[in-house]
Amino acid sequence: MEKPLILVIDDEVKQTDMIAKLVEETENYRVMKAYNAIEALEILKKNKSWFGPNKIKLILLDIKMPEMDGLQFLDKIRHDYAEDQIGVIMLTAYEDEDKWDKATAGFVVDYIKKPVVEEKLLFAIDKFFSSEEARVKMTLDTFDKHIQKREEFKEKQD
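Reading guide: rules and limits
- Residues numbered from 1 in each chain as written.
- Predicted model: local features only at pLDDT ≥ 70, side-chain atom pairs only at ≥ 80, totals over all residues.
- Heavy atoms only, no water.
- Pairing = 2+ DSSP bridges.
- Helix = DSSP H or I, 4+ residues; strand = E, 2+ residues; numbered from the N terminus.
- Axes fitted to C-alpha atoms, helices over the stretch in contact; angles between N-to-C directions.
- Contact = heavy atoms within 4.5 Å.
- 1 Å grid on protein atoms, 1.4 Å probe; cavity = no way out; pocket = protein on both sides within 12 Å on 5 of 7 lines; lining within 4 Å.
- Points joined across faces, edges and corners; volume = space filled by probe spheres on them.
- Nonpolar A, V, L, I, M, F, W, Y, C, P; charged D, E, K, R; others polar.
- Buried < 20%, exposed > 50% of the residue type's maximum accessible area, 1.4 Å probe, protein only.
- Arc of directions from axis to C-beta.
- Polar contact = N/O pair within 3.5 Å; in protein donor to acceptor, adjacent residues only side chain to side chain.
- Core = buried A, V, L, I, M, F, W, Y, C linked by side-chain atoms within 4.5 Å.
- Parallel < 35°, antiparallel > 145°, perpendicular 65-115°, else oblique.
- Left-handed = near helix turned anticlockwise from the far one by under 90°.

### Considering the sheet that holds strand β3 (residues 56–61)
The strands making up a sheet associate through backbone hydrogen bonding, with each pair oriented either parallel or antiparallel.
Then comes step 1: One open sheet holds the 5 strands; their spatial order is β2-β1-β3-β4-β5, and the pairing between them is parallel. In this open sheet, the two edge strands, each paired with only one partner strand, are β2 (30–34) and β5 (110–113). Taking the axes of each pair of neighbouring strands and ignoring which way they run, one obtains an average angle of 20° across the sheet.
Then comes step 2: Where strand β1 (residues 5–9) and β3 come together, 5 bridges link them in parallel fashion. Across the sheet, Val 8 pairs through a bridge with Leu 60, a residue of β3.
Then comes step 3: Against the sheet, helix α5 (residues 118–130) contacts β1, β3, β4 (87–92) and β5, and its axis sits at roughly 155° relative to β3.

Given below as structure tokens:
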């Protein structure tokens, strides 16, 4: 059986390479890298099979990137690849109410703040691939985290 394929997207080359290497070293997954959203769209297009879902099953996605940011990319793939049900984990240094709103609206399975804690990321990836039920629960848990964050943002404004 072929190992699941993960796409890491971040315009910071060192960050992308470090995350890709971390995931590859588990020997449980295959990894592709893109250094911007436009490049990532091309990789997704090349990995779309004619009669089946995309070969890429999970995307590790940064928000702040040139040309097209991660949230715009998320919106595009949710439109263009809806039937493929590609999972997305946001990996970002940016955290505010608007970004959380857009990420959870795009049904991300997790929202991990940088600097990335390696064990937390690998746990999230393993959990994502453990079962369909786990993927649904991760998405619901991310919505719950979003609600908690909303309260934190409100408290900061008051």
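### Looking at the layout of surface pockets
To find leftover empty space, a probe the size of one water molecule is rolled over the atoms.
Then comes step 1: Volume-wise, the largest pocket comes out at about 390 Å³.
Then comes step 2: Mapped onto the lining of the largest pocket, the elements with two or more residues apiece are β4, α5 and α6 (132–157).
Then comes step 3: Grouping the constituent residues of the lining of the largest pocket by class yields 9 nonpolar, 3 polar and 5 charged.

### Some details on helix α2 (residues 37–46)
Then comes step 1: Among the residues making up α2, those that are buried are Ala 37, Ala 40, Leu 41, Ile 43 and Leu 44. All buried residues of α2 fall inside an arc of 160° around its axis, so they share one side. Every exposed residue of α2 that faces more than 90 degrees away from the buried side is listed here: Lys 45 and Lys 46.
Then comes step 2: Buried residues along α2 sit against β1, β2, β3 and α3 (70–80).
Then comes step 3: Residue Asn 36 occupies the N-cap position of α2, its side-chain oxygen lying 3.0 Å from the main-chain nitrogen of Ile 38.

### Re the nonpolar core
Then comes step 1: Grouped together as the largest cluster of nonpolar side chains are 27 residues, with contacts concentrated most on Leu 7, Ile 9, Leu 44, Ile 59, Leu 61, Phe 73 and Met 90.
Then comes step 2: Elements with a contribution of two residues or more to this core: β1, α2, β3, α3, β4 and α4 (97–105).
Then comes step 3: The element that contributes the greatest number of residues to this core is α2, accounting for 5 residues.
Then comes step 4: Setting aside its immediate chain neighbours within four residues, Leu 7 contacts Met 32, Lys 33, Ala 34, Ala 40, Ile 43, Leu 44, Ile 56, Leu 58, Ile 59 and Leu 60.
Then comes step 5: Grouped together as the second largest cluster of nonpolar side chains are 21 residues, Ile 19, Leu 121, Leu 122 and Met 138 included.

### Quick word on the packing of α2 against α3
The description of two helices packed together rests on the angle between their axes and the distance between the axes.
Then comes step 1: In the contact formed by α2 and α3, the axes pass within 10 Å of each other and the chain directions differ by 20°. The orientation of α2 relative to α3 falls into the category roughly parallel. Both α2 and α3 take part in a crossing whose hand is right-handed. For the pair α2 and α3, the contacting residues are Ala 37, Ala 40, Leu 41 and Leu 44 in the first and Phe 73, Lys 76 and Ile 77 in the second.
Then comes step 2: Here the contact of α2 with α3 is built from residues that sort into 6 nonpolar, no polar and 1 charged.

### As for empty space enclosed by the protein
Then comes step 1: Here the structure, examined in full by the defined rule, presents 1 cavity of 30 Å³ or more.
Then comes step 2: Its volume calculated, the largest cavity comes out at about 40 Å³.
Then comes step 3: If you go around the largest cavity, the residues you meet are Val 8, Ile 9, Asp 10, Gln 15, Ile 19, Leu 60, Leu 61, Asp 62 and Leu 91.
Then comes step 4: Elements that contribute at least two residues to the lining of the largest cavity include exactly β1, α1 (13–24) and β3.
Then comes step 5: Of the residues in the lining of the largest cavity, the class split is 6 nonpolar, 1 polar and 2 charged.

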